[in-house]
Amino acid sequence: MLRKHKLLKLVFFFTMDLNEKDISSGRKKELLAFCKPLGLKFHDLSLLELAFHHRSYSNENESHRHLNNERLEFLGDSVLGLAAAAYLFETMKNPEGDLAKIKSVVVSEKTLAPVAVRFGIDSMLVLGHGEELSGGRKKPAILADCMEAIIGAYYIDSGYESAEKYILSFLVPEIEKVQHDRGTKDYKTLLQELYQKKAKECPRYETVSITGPDHDQTFSVSVRLGNVTYGPESGKSKKEAEQNAARAAYVILTAE
């Protein structure tokens, strides 16, 4: 395993030209300050620095044309998935379907992006001018991708055990939220699975009303199961209102 890890690191460095000498002393201090509260200990800060480089920056800078975090993100996504799957397998006796649902929630953009903001990743990103102007620092996809890139960088720098320890430090609380029903459930899926078993039909959603100005609309949606209608329930988007309607119906049906 150790030989494979060293080989991976060697191959990776043949594909990149960013070195620690390219990082300013001020930026190094920022990188070290980022690592300290998270317990990260990089031997080579250039890997961490690369993890913050979004493709919008490399696209706008000819000298950095190939220096972005996409390859690290690709690797980190797999390491993240393995760590999550292994933890769920070791700590839960649930069937595969339950484990897959929890994993899909905790390794999702919706979960990773808020963690990234909590860690201060938004302020560390290296973005192109256009992406900066369009609010790239707050875009969930960019933040989640950077989270995965950091994981990939740490895996290359320090190996799987260190990367796994870092991952579980923020992932376990998210898993526990889902396990204790403090996370966000996909009630539309739960309702559909429940109702299809009972009636072999799918729930039907209807938008009852849309109120408010274009920039601040409120949607009201009901869900129909056979001849019974539940709701309407409201939300700031149609998707949110549908989830709320599905939740109302699901709670009633499971109580029955």
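Procedures and definitions
- Residues numbered from 1 in each chain as written.
- Predicted model: local features only at pLDDT ≥ 70, side-chain atom pairs only at ≥ 80, totals over all residues.
- Heavy atoms only, no water.
- Pairing = 2+ DSSP bridges.
- Helix = DSSP H or I, 4+ residues; strand = E, 2+ residues; numbered from the N terminus.
- Contact = heavy atoms within 4.5 Å.
- Buried < 20%, exposed > 50% of the residue type's maximum accessible area, 1.4 Å probe, protein only.
- Axes fitted to C-alpha atoms, helices over the stretch in contact; angles between N-to-C directions.

J.: So what's going on with the pairing of strand S3 (residues 228–235)? Residues and values would help.
T.: When strand S2 (residues 218–225) meets S3, the two strands line up antiparallel, connected through six bridges. Bridge pairing in S3 places Val221 opposite Glu233. In textbook terms, the turn of a hairpin is the stretch between consecutive antiparallel strands, and for S2 and S3 this stretch comprises two residues, one of which, Gly226, has a positive phi near 65°.

J.: Give a description of the environment of Ala83 that names residues and reports values.
T.: Position of Ala83 relative to the elements: it lies in helix H5 (residues 70–91). C-alpha separation for the pair Ala83 and Ile167, spaced 84 residues apart in sequence, amounts to 7.2 Å. Ala83 has contacts with Tyr160, Glu164, Ile167 and Leu168, leaving out every residue within four places of it along the chain.

J.: Let's hear about helix H7 (residues 109–119): which residues, and what values?
T.: Where H7 is concerned, the buried positions are Thr111, Leu112, Ala113, Val115, Ala116 and Phe119. Residues of H7 that are buried make contact with helix H2 (25–38), H5, helix H6 (96–106), helix H8 (121–124), helix H10 (140–158) and helix H11 (160–179). Among the residues trailing H7, Gly120 stands out with phi positive, at a value near 85°.

J.: Residues and numbers for the sheet that holds strand S1 (residues 204–211), please.
T.: Within the open sheet, the three strands sit side by side as S1-S2-S3. Their pairing is antiparallel. At either end of the open sheet lies a strand with only one pairing partner, and these are S1 and S3. In this sheet, neighbouring strand axes are inclined to one another by 20° on average, regardless of whether the strands run parallel or antiparallel.

J.: Any details on the pairing of S2? Residues and values, ideally.
T.: Successive residues of a regular strand alternate their side chains across the two faces of the sheet. For S2, the buried fraction is high: six of the eight residues fall into the buried class. Sheet analysis places S1 next to S2, joined by seven bridges and oriented antiparallel. Note on S2: the bridge partner recorded for Ile210 is Phe219. Between the end of S1 and the start of S2, which pair antiparallel, lie six residues, with Gly212 showing a positive phi angle near 95°.

Keep in mind these values describe shape, not function.
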